[in-house]
Amino acid sequence: MTDSQLPDLAVAGESIGAGERRDLEVSAARLPSGAMVAMPVTVLRGAETGPGFWLTAAVHGDEIIGTEVIRQVISRLDPVALRGHVVAAPVVNVHGFAVGSRYLPDRRDLNRSFPGSSRGSLASRLARLVLDTCVEPCDLGIDLHTGSDNRTNLPQVRGDLDDASTRDLAVVFGAPAMIHSGVRDGSLRGAAVRAGKTALVFEGGEALRFDEGVIDVAVAGVMRALAHVGMIDGITPAADTPFEAQESSWVRAPASGLLRPRAALGERVVSGEVLGTVADAFGGTERPVRARLPGLVIGRTENPVVYRGDALFHIAVVRAATDGA
Ligand SMILES: [Zn+2]
């Protein structure tokens, strides 16, 4: 198929030809010093028609695992063999990424700033730019995140599992867990869904660290998702069916003190099970941290110094439909 038979594809004002890879530096914001900050965006356009698939990472600037996931995915894709196009932004929050921060320089959370406006604040403008550049030219996509605040996450996907195409995508992704999650106002996923797109969030590992196991799960999941929508060939399905949960909740610290965790990520727990203990600094009292509901440990704090009420263990709750699965 020749170029002329494919519809025009423009990303950030650049026309992308069939079978082409383009690495774009998209002007994101001018610093107070006058220098321009650019968001890197790679576009891979297949020689044949197919869906548009966006990949975004480091919307929270310290959540760098997705950046590596996108790098590995892009290295495996041959634009000539691709059907459709991939728009990949490995470092969305360029400011936060540079200084290891979740936030933008104005302390705003970019993932609470969507859909944004081209006439708004820094966060609002960047949100709008991401939607226009990455989401608008595509049909579906995945936004890659990690745990925040010294928390680590079991590899998992989140999305509106009541929507059939989203649920199918979550199943084929093949992460250990898939969690139903309603649309959050201000998030990239929320804005994408409202624009009629199919969107998933991947969560895995922790901020400011690479975790090879998590990266492997995410790379394999993205490749399976691309194959699922017909963009690439030769990908084998996931061996295991993900644990599915309709909801999740945090078990909080019963007292201030020092946490000794017992439950590991990916562990199945029963109601009342001791997940860890919180001891005071004298070593005199030790309070158990108990699961309130049966489920799967999908997140955990890595900070042993805790205040009463701090979120310690994130449990994906087993519902009747998946109990015993
Ligand atoms: Zn995040």
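Residues numbered from 1 in each chain as written. Predicted model: local features only at pLDDT ≥ 70, side-chain atom pairs only at ≥ 80, totals over all residues.

Now for helix H1 (residues 65-76). Its twelve residues place the ends of H1 17 Å apart at the C-alpha level, agreeing with the 16 Å of an ideal helix rising 1.5 Å per residue. Those residues of H1 lying buried are Ile65, Gly66, Glu68, Val69, Ile70 and Val73. In this structure, the buried side of H1 is in contact with strand S5 (48-57), strand S6 (83-89), strand S7 (140-147), strand S10 (198-206) and helix H6 (212-228). (Helix = DSSP H or I, 4+ residues; strand = E, 2+ residues; numbered from the N terminus. Expected span 1.5 Å × (residues − 1). Buried ≥ 20, exposed ≤ 12 C-beta atoms within 10 Å, placed from the backbone. Contact = placed C-beta atoms within 7 Å.)

What follows concerns the sheet that holds strand S16 (residues 286-290). The strand order across the open sheet formed by four strands is S16-S15-S13-S18, and the pairing between neighbours is antiparallel. Strands with a single pairing partner mark the edges of an open sheet, and in this sheet they are S16 and strand S18 (305-306). (Pairing = 2+ DSSP bridges.)

Attention now moves to the pairing of S7. A regular strand places its side chains on the two faces of the sheet in alternate fashion. Most of S7 sits inside the fold, with eight of its eight residues counted as buried. Two strands pair when backbone bridges link them, and S7 and S10 are joined in this way by seven bridges, in the parallel orientation. The residue bridging Leu140 from the neighbouring strand is Thr198, located in S10.

Moving on: the domain arrangement of the protein. Here the protein is described as being made up of domain 1 (3-243) and domain 2 (247-317). Put simply, the middle of domain 1 and the middle of domain 2, counted by C-alpha atoms, are 31 Å apart. Taken residue by residue, the interface counts 13 residues in domain 1 and 13 residues in domain 2. Of all the secondary-structure elements, those providing two or more residues to the side of domain 1 that touches domain 2 are strand S8 (151-159) and strand S9 (177-180). A total of five residues in the side of domain 1 that touches domain 2 trace back to one element, the largest contributor, which is S8. For the side of domain 1 that touches domain 2, the per-class residue count stands at five nonpolar, six polar and two charged. (Domains from an automatic or database assignment. Nonpolar A, V, L, I, M, F, W, Y, C, P; charged D, E, K, R; others polar.)

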